[in-house]
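Close look at the chain arrangement
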Amino acid sequence: DAMLVLEGIAKSYNRGKPSEVTVLRDVSLTLGRGEVVALVAPSGAGKSTLLHIAGLLDTADAGRVVLNGRDMDGLGDRARTAARRQEVGFIYQFHHLLPEFSALENVILPQRANAVPQAEAETRARDLLDRVGVGPRAGHRPAALSGGEQQRVAFCRAMANAPGLLLADEPTGNLDPATSEQVFGALMAMVRETGLSALIATHNMELAARMDRALRLDQGRLTPGIG
Ligand code: ADP
Ligand code: ADP
């Protein structure tokens, strides 16, 4: 029983123009429940494109996306947005936290967008922040936090609505090795504890080797292993 199935995904940009570029040719992938898979790719290979299609932020030219047993084919924008908010959490290389809001508020807001009552949203936000060790920093704005703290808050925001799928695009790419280890450790601990499925793009082979398996994206296709 899979959390995410991609079947024959193809994607080009600038279709039909001289500048057309085919990024994904034939991408298929089955991500089991609780499975953590590394996505390894050279820069420009299309990993952001793939993560955005998997997370319903972008649509493929061909192929099928099945998320939590539900075929996303033919769903309208509103249904796709609803499915994304319910099922998917994203983290990026840079935290993209809202600068005017505290860490706590940054984790509360996505829940409010999902109609979770304020008190319940705050309790959950505090619990998430505590679990990754930034509870004591909850009242600070992102600018007052270290890079590692910012990424752990961004991870809590991604987890705010208890998604079944985590999509991460170089989540430790901007951090020094020690901080990277700390953030990755916190992330993996919570992923394992909650039984989350995760697809984590990384250039870090050591981190990739600690996931359940690795897939390499090259020439628009996925191949097993780090290669
Ligand atoms: P990665 O995340 O692996 O670096 P991306 O998915 O961001 O790769 O991009 C893959 C390729 O598609 C790159 O050559 C990039 O320039 C191109 N590309 C990405 N987005 C667009 C876009 N909106 N329009 C045109 N080309 C794009
Ligand atoms: P929207 O306002 O488009 O409905 P949400 O607030 O539901 O988006 O965001 C859901 C998740 O998708 C968030 O984690 C957010 O970071 C991510 N997200 C939304 N739009 C984009 C985008 N255009 N590019 C990258 N990530 C996005």
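Note that this is a predicted model, so its numbers are computed, not measured. (Residues numbered from 1 in each chain as written. Chains lettered and ligands numbered in written order. Predicted model: local features only at pLDDT ≥ 70, side-chain atom pairs only at ≥ 80, totals over all residues. Heavy atoms only, no water.)

1. Observations concerning the environment of Ala158
- Mapped onto the secondary structure, Ala158 falls in helix α5 (residues 147-159).
- Along the backbone, Ala158 and Leu145 are 13 residues apart, and their C-alpha atoms lie at a distance of 18 Å.
- Beyond its immediate chain neighbours, meaning those up to four positions away, Ala158 contacts Gly89, Phe90, Ile91, Pro163 and Leu166. (Helix = DSSP H or I, 4+ residues; strand = E, 2+ residues; numbered from the N terminus. Contact = heavy atoms within 4.5 Å.)

2. Describing the site of ligand 1
- All residues adjacent to ligand 1 are Tyr13, Val23, Pro42, Ser43, Gly44, Ala45, Gly46, Lys47, Ser48 and Thr49.
- Note that an oxygen atom of ligand 1 is positioned 3.2 Å from one of the backbone N or O atoms of Ala45.
- Separating an oxygen atom of ligand 1 from a backbone N or O atom of Lys47 is a distance of 2.8 Å.
- Here ligand 1 loses 59% of its free accessible area of 560 Å² to cover by the protein chains.
- The greatest single-element share of the shell around ligand 1, amounting to three residues, is contributed by helix α1 (residues 47-54).
- Per-class residue counts for the shell around ligand 1 are four nonpolar, five polar and one charged. (Near = heavy atom within 4 Å. Polar contact = N/O pair within 3.5 Å; in protein donor to acceptor, adjacent residues only side chain to side chain. Areas by Shrake-Rupley, 256 points an atom, 1.4 Å probe, with all protein chains shown as cover. Nonpolar A, V, L, I, M, F, W, Y, C, P; charged D, E, K, R; others polar.)

3. A look at the pattern of salt bridges
- Using the criterion set out here, one finds 16 salt bridges in the structure.
- The closest approach of N and O atoms between Arg64 and Glu7, which form a salt bridge, is 3.3 Å. Highlighted residues: Arg64 in strand β4 (residues 62-67) and Glu7 in strand β1 (residues 2-13), separated in sequence by 57 residues.
- Overlapping salt bridges bring together Glu7, Arg64 and Asp71 as one network. (Salt bridge = Lys/Arg side-chain N within 4 Å of Asp/Glu carboxyl O.)

4. Re unusual backbone geometry
- Not every positive phi belongs to a glycine, and Ala115 is a case in point at roughly 65°.
- In this structure, Ala115 sits in the loop between α3 (103-113) and α4 (118-131).
- Phi at Glu170 is positive, roughly 55°, even though this residue is not glycine.
- Looking at the secondary structure, you find Glu170 in the loop between β7 (165-169) and α6 (177-194).

5. Here's the deal with the sheet that holds strand β5 (residues 70-71)
- Taken in spatial order, the four strands make up an open sheet running β2-β1-β4-β5, and their pairing is antiparallel. This sheet does not close on itself; its edge strands, each paired only once, are β2 (21-32) and β5.
- Looking at chain direction, β4 and β5 are connected through two bridges and run antiparallel. Pairing of Leu67 across the sheet is with Arg70, part of β5.
- Lying on the sheet, α1 is in contact with β1, β2 and β4; it crosses β1 at an angle near 130°. (Pairing = 2+ DSSP bridges. Axes fitted to C-alpha atoms, helices over the stretch in contact; angles between N-to-C directions.)

6. A short note on helix α2 (residues 77-87)
- Buried within α2 are the following residues: Arg80, Ala83 and Glu87. In a view along the axis of α2, the buried residues occupy a sector of 65°, so they form one face of it. In α2, the exposed positions angled more than 90 degrees off the buried face are occupied by Asp77, Arg78 and Gln86. (Buried < 20%, exposed > 50% of the residue type's maximum accessible area, 1.4 Å probe, protein only. Arc of directions from axis to C-beta.)

7. What about the site of ligand 2?
- Neighbouring ligand 2 are the residues His52, Leu57, Thr81, Arg84, Arg85, Phe90 and Tyr92.
- Arg85 is positioned with one of its side-chain polar atoms (N or O) 2.6 Å from an oxygen atom of ligand 2.
- Between ligand 2 and Tyr92 there is a distance of 2.5 Å, counted from a nitrogen atom to a side-chain nitrogen or oxygen.
- For ligand 2, whose unbound accessible area comes to 530 Å², protein coverage reaches 49%.
- For the shell around ligand 2, the leading source of residues is α2, giving three residues.
- Residues of the shell around ligand 2, tallied by class, amount to three nonpolar, two polar and two charged.

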